[in-house]
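# Understanding the architecture of this molecule
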Amino acid sequence: MTGMFITLEGVDGAGKSTHIPFIAELLKSKGYEVVLTREPGGTPLGEKLRELLLHQPMSPETETLLMFAARNEHLQQVILPALARCALVLSDRFTDASFAYQHGGRGVAVDMVITLEQMIGGFQPDLTLLFDVPVEVSCQRLSGARDPDRFEQENATFFQKIRDAYLQRAAEFPQRFRIIDANRPLEEIRNELEDIISNI
Ligand code: TYD
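Residues numbered from 1 in each chain as written. Predicted model: local features only at pLDDT ≥ 70, side-chain atom pairs only at ≥ 80, totals over all residues. Heavy atoms only, no water.

To continue, consider the sheet that holds strand β5 (residues 177–181). The strand order β2-β3-β1-β4-β5 describes an open sheet built from five strands, whose pairing is parallel. Two strands bound the open sheet, and with one partner strand each, they are β2 (34–38) and β5. Pairs of neighbouring strands in the sheet enclose a mean axial angle of 20°, with direction left out of account. Sheet topology places β2 next to strand β3 (residues 88–92); five bridges connect them, and they run parallel. Each residue of the ladder has a partner; that of Val 34, found in β3, is Leu 88. (Pairing = 2+ DSSP bridges. Helix = DSSP H or I, 4+ residues; strand = E, 2+ residues; numbered from the N terminus. Axes fitted to C-alpha atoms, helices over the stretch in contact; angles between N-to-C directions.)

In structure tokens, the structure reads:
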């Protein structure tokens, strides 16, 4: 058994958080040591940066640089050591989120995101599960959120750009992306997740 890096992506309100414990259990039952982590965050420094990223106003470029600062720390301290001991790393978001949110949503030049990705090693997940829902659905789900953060406060146009950018990433990297239609009953989504995990 070798290490494996799985990431979970999707617009805010796609329902990703609901499925994470279920996916982690499926993977554990396959015998993996599962390291469940998240971005921005995943390390003490990363969690401090997360606080700033979610609540402190800043320019889109600063936001991008801080996302990658947190990501580099996460890679060095958590992801790479776990993979080296053959664990399975399950991360709630990774670099695809910077392509979707900072480039797609905020309009940061794609070259900046590509350059930063390369500067921290150009590391790619083995599998990315993209939870996809129409923007009306994610906005509806978010409308009930208490104390929305800087991203959750954005409007439907912003989320539409993010959804489009994610779908474009999935089309660019079809070998590692699985698009999950997350606008279905929970049971159906779980069946599909079971199917995907049983085949890894
Ligand atoms: P999210 O993963 O949705 O956590 P929660 O479910 O606790 O709200 O929140 C993280 C936010 O950070 C989300 O709105 C997307 C944003 N984000 C980026 O903009 N770029 C990135 O590279 C990453 C990792 C996250």
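This next bit is on helix α4 (residues 95–105). Burial analysis of α4 places 10 of its 11 residues in the buried class, the great majority of the element. Those residues of α4 lying buried are Thr 95, Asp 96, Ala 97, Ser 98, Phe 99, Ala 100, Tyr 101, Gln 102, Gly 104 and Gly 105. (Buried < 20%, exposed > 50% of the residue type's maximum accessible area, 1.4 Å probe, protein only.)

If you roll a probe as big as a water molecule over the atoms, it shows you where there is empty space left. Estimates place the volume of the largest pocket at around 590 Å³. Looking at the largest pocket, it is lined by 28 residues, and the ones nearest its centre are Asp 12, Lys 16, Arg 50, Arg 93 and Glu 152. At the level of elements, α1 (16–29), α2 (44–55), α3 (60–84), α4 and α6 (135–142) are the ones that each hand at least two residues to the lining of the largest pocket. If one sorts the elements of the lining of the largest pocket by residue count, α4 sits on top with four residues. Grouping the amino acids of the lining of the largest pocket by side-chain chemistry returns 11 nonpolar, six polar and 11 charged. (1 Å grid on protein atoms, 1.4 Å probe; cavity = no way out; pocket = protein on both sides within 12 Å on 5 of 7 lines; lining within 4 Å. Points joined across faces, edges and corners; volume = space filled by probe spheres on them. Nonpolar A, V, L, I, M, F, W, Y, C, P; charged D, E, K, R; others polar.)

The next point concerns the packing of aromatic side chains. Enumeration according to the criterion identifies six aromatic pairs in this entry. Judged by centre distance (5.6 Å) and plane angle (75°), the rings of Phe 158 and Phe 159 are edge-to-face. Its relative accessible area of 1% is what places Phe 159 among the buried residues. Over the face of the ring belonging to Phe 151 we find Arg 150, whose NZ or CZ atom lies 5.5 Å from the ring centre. Positioned above the aromatic ring of Phe 173 is the side chain of Arg 176, whose terminal nitrogen or guanidinium carbon lies 4.9 Å from the ring centre. (Phe/Tyr/Trp six-rings, centres within 6.5 Å; stacked < 30°, edge-to-face > 60°. Lys NZ or Arg CZ within 6 Å of the ring centre and 35° of its normal.)

Let us look at the packing of α6 against helix α7 (residues 156–172). Where α6 meets α7, the axes come as close as 10 Å, and the angle between the chain directions of the two elements is 125°. Between α6 and α7, the crossing angle belongs to the class labelled oblique. As for the relative orientation of α6 and α7, their crossing is right-handed in sense. Residue-level contacts link Val 135, Cys 139 and Leu 142 of α6 to Ala 156, Phe 159, Gln 160 and Arg 163 of α7. Looking at the contact of α6 with α7 residue by residue, the class counts come to five nonpolar, one polar and one charged. (Parallel < 35°, antiparallel > 145°, perpendicular 65-115°, else oblique. Left-handed = near helix turned anticlockwise from the far one by under 90°. Contact = heavy atoms within 4.5 Å.)

Around the ligand, a shell composed of 17 residues is seen, among which Asp 12, Arg 71, Arg 93, Ser 98 and Gln 102 lie nearest. The contact in question runs from an oxygen atom of the ligand to an N or O atom on the side chain of Ser 98, over 2.7 Å. Within the contact set of the ligand, an oxygen atom lies 3.3 Å away from a side-chain nitrogen or oxygen of Glu 152. Burial of the ligand by the protein chains amounts to 88% of its free accessible area of 550 Å². Breaking the shell around the ligand down by element, the ones donating at least two residues are α1, α2, α3 and α4. The element that contributes the greatest number of residues to the shell around the ligand is α4, accounting for four residues. (Near = heavy atom within 4 Å. Polar contact = N/O pair within 3.5 Å; in protein donor to acceptor, adjacent residues only side chain to side chain. Areas by Shrake-Rupley, 256 points an atom, 1.4 Å probe, with all protein chains shown as cover.)

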